[in-house]
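Architecture and fold: a report
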Amino acid sequence: MALADMEHAASGCRDSGSPFSEIIELNVGGQVYVTRHKTLIAVPDSLLWNMFSKKSPKELARDSKGRFFLDRDGFLFRYILDYLRDLNLVLPDYFPEKSRLQREADFFLLRDLAKRLNPRVSKDNSISEEISQSDTEDGAQCCSSGEPLRALSASGAMRSPSLDTRKSGYITIGYRGSYTIGRDIQTDAKFRRVARITVCGKTSLAKEVFGDTLNESRDPDRPPERYTSRYYLKYNFLEQAFDKLTEAGFHMVACSSTGTCAYTSNDPNEDKIWTSYTEYVFCRE
């Protein structure tokens, strides 16, 4: 009786006629997702449909723990998976990753989703979309003048986002640094590089400003409308971060710094190690 139950349970773990288990674990860009096999094949002729209906498990890449691996944006894949569940998707009111999500939809061959993410799609679609007034006016001018639509897209890619679509808020940049001053306060102080530049603030603002240079690995699933203090940048130059903030319309409103001193040994004549923590507060009104 027990053996029969085990065989029944094992057969229930797989879809009929499929070599894949009913429950599938995915590793997408380092983020782990668990979903049903039927969810992944919900859209015929999509990339995931081809992977999990036309190929065998042995043909697909896996990570060290046996999960199927996809080298894509792990944060945005949650919206891809939401769409596959019921072919409907509702995004947050302010979602600055729409262009990147559209790129992911194109990669996964989800043509209907990519079409709905187009900023000029009607608001009647199931995906919540706000078309900025500036884009609408630009489109009207382009159509009335008879110029090709591609000219508008090219100019739009070159200019910064419209001030009407920018959200106000604060972003705090912080870093820890250390340096060594030799005995008798020698002038040849040995400076160390900044180990890590941290980013604190609203998730959507941080992603808007820093884009792909933002490392989200310490807080990968933070919703766009929430706040975080666990992001950091993929580079160690403060000036590069300041340039990004300036281009996005932010300006510095405050800064603060603290420092401590310690000896490398109990001998007061030995080198002194100074460590400091500095924060810069930027605002966009």
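Look up a bit, the structure's there.
This section reports on the structure supplied with the text. The shown structure was predicted, so the numbers you read here are calculated from the model rather than taken from an experiment.

A count of helical and extended segments in the protein gives ten helices and ten strands. The 285 residues of the protein split such that 36% are buried. Long-range contacts, defined as pairs at least 24 residues apart, comprise 60% of the intrachain contacts of the protein with a sequence gap of at least 6. Surface summary for the protein: the accessible area is close to 17,400 Å², and the carbon and sulfur share equals 50%.

On to unusual backbone geometry. Not every positive phi belongs to a glycine, and D45 is a case in point at roughly 70°. Take D45: it is sitting in the loop between α2 (37-40) and α3 (47-53). Classification of D45 by relative accessible area gives partly exposed; the value is 48%.

What follows deals with the environment of E247. Relative to the helices and strands, E247 is located in helix α10 (residues 238-247). Judged by its relative accessible area of 56%, E247 falls in the exposed class. Taking the C-alpha atoms as reference, E247 lies 8.3 Å from V209; in sequence the two are 38 residues apart.

Turning our attention to the nonpolar core. L26, L48, F52, F77, L101 and L110 are the most contacted members of the largest nonpolar core, which has 31 residues in total. Those elements that place two or more of their residues in this core are β1 (23-28), α3, β3 (68-70), α4 (77-86), α5 (98-107) and α6 (111-116). Residue contributions to this core peak at six residues, all from α4. Beyond its immediate chain neighbours, meaning those up to four positions away, L48 contacts L40, I41, L70, F77, L84 and F108. Among the nonpolar cores identified, the runner-up in size contains 21 residues, and I173, A206, Y231 and F242 belong to it.

This part is about the pattern of salt bridges. On inspection of all chains with the given rule, the structure shows twelve salt bridges. The salt bridge involving D112 is made with R116; its shortest N-O contact spans 2.9 Å. Of this pair, D112 and R116 both sit in helix α6, four residues apart, roughly one helical turn. Across the pair R284 and E208 runs a salt bridge whose closest N-O atoms are separated by 3.0 Å.

Let us look at the layout of surface pockets. Its volume calculated, the second largest pocket comes out at about 310 Å³. Tallied by class, residues from the lining of the second largest pocket come to three nonpolar, six polar and six charged.

Another point: the packing of aromatic side chains. Under the criterion given, the structure shown has ten aromatic pairs. Here the aromatic cluster, defined as three or more aromatic residues joined through ring pairs, consists of Y33, F77, F107 and F108. We note R72 situated over the ring of F107; from NZ or CZ to the ring centre the distance is 3.8 Å. Above the face of the Y232 ring, R196 is positioned so that its terminal group lies 3.9 Å from the ring centre.

Side-chain alternation along strand β2 (residues 31-36) places Q31, Y33 and T35 on a buried face and V32, V34 and R36 on a face that remains uncovered. Relative to β2, β1 runs antiparallel, the two sharing six bridges. Residue pairing across strands places I24 opposite T35, the latter belonging to β2. Joining the antiparallel neighbours β1 and β2 is a turn of two residues, in which G29 adopts a positive phi near 60°.

Thresholds, definitions, all that
- The residue count restarts for each chain, going from 1 along the sequence in the order it is written.
- Reporting of local features is limited, given that this is a predicted model, to residues whose pLDDT is at least 70; pairs of side-chain atoms are given and counted only at 80 or more, and all residues count toward the totals for whole chains, interfaces and linings.
- Note that the side-chain values use all heavy atoms of the structure and ignore hydrogens as well as water.
- Each helix is a run of DSSP H or I of at least 4 residues and each strand a run of E of at least 2, with the numbering of both proceeding from the N terminus.
- Each residue is placed in one exposure class: buried if its accessible area under a 1.4 Å probe, protein chains only, is under 20% of its type's maximum, exposed if it is over 50%, and partly exposed if it falls in between.
- The contact criterion used throughout is that any non-hydrogen atoms of two residues lie within 4.5 Å.
- Working definition of accessibility: Shrake-Rupley area with a 1.4 Å probe, residue cover restricted to the visible protein chains.
- By nonpolar core we mean a set of buried residues, namely Ala, Val, Leu, Ile, Met, Phe, Trp, Tyr and Cys, connected to one another through side-chain atoms within 4.5 Å.
- The term salt bridge refers to a side-chain nitrogen of Lys or Arg lying within 4 Å of a carboxyl oxygen of Asp or Glu.
- Throughout, the protein atoms alone are placed on a 1 Å grid, and a set of points is a cavity if a 1.4 Å probe fits but cannot get out or a pocket if it is open with protein on both sides within 12 Å along at least five of seven lines; lining residues have an atom within 4 Å of a point.
- Grid points are joined across faces, edges and corners, and a volume is the space filled by probe spheres set on the points.
- Only Asp, Glu, Lys and Arg are considered charged in this grouping, and only Ala, Val, Leu, Ile, Met, Phe, Trp, Tyr, Cys and Pro are considered nonpolar; every other residue, Gly among them, is considered polar.
- Each Phe, Tyr or Trp ring (for Trp, its six-membered ring) is paired with any other whose centre lies within 6.5 Å, and the angle between the two planes then decides the class: stacked below 30 degrees, edge-to-face above 60, tilted in between.
- Over a ring means this: the NZ of a Lys or the CZ of an Arg is within 6 Å of the ring centre and within 35 degrees of the ring normal.
- Think of it this way: DSSP has to see at least two bridges between two strands before they count as a pair.

Shape is all these values report; function is a separate question.
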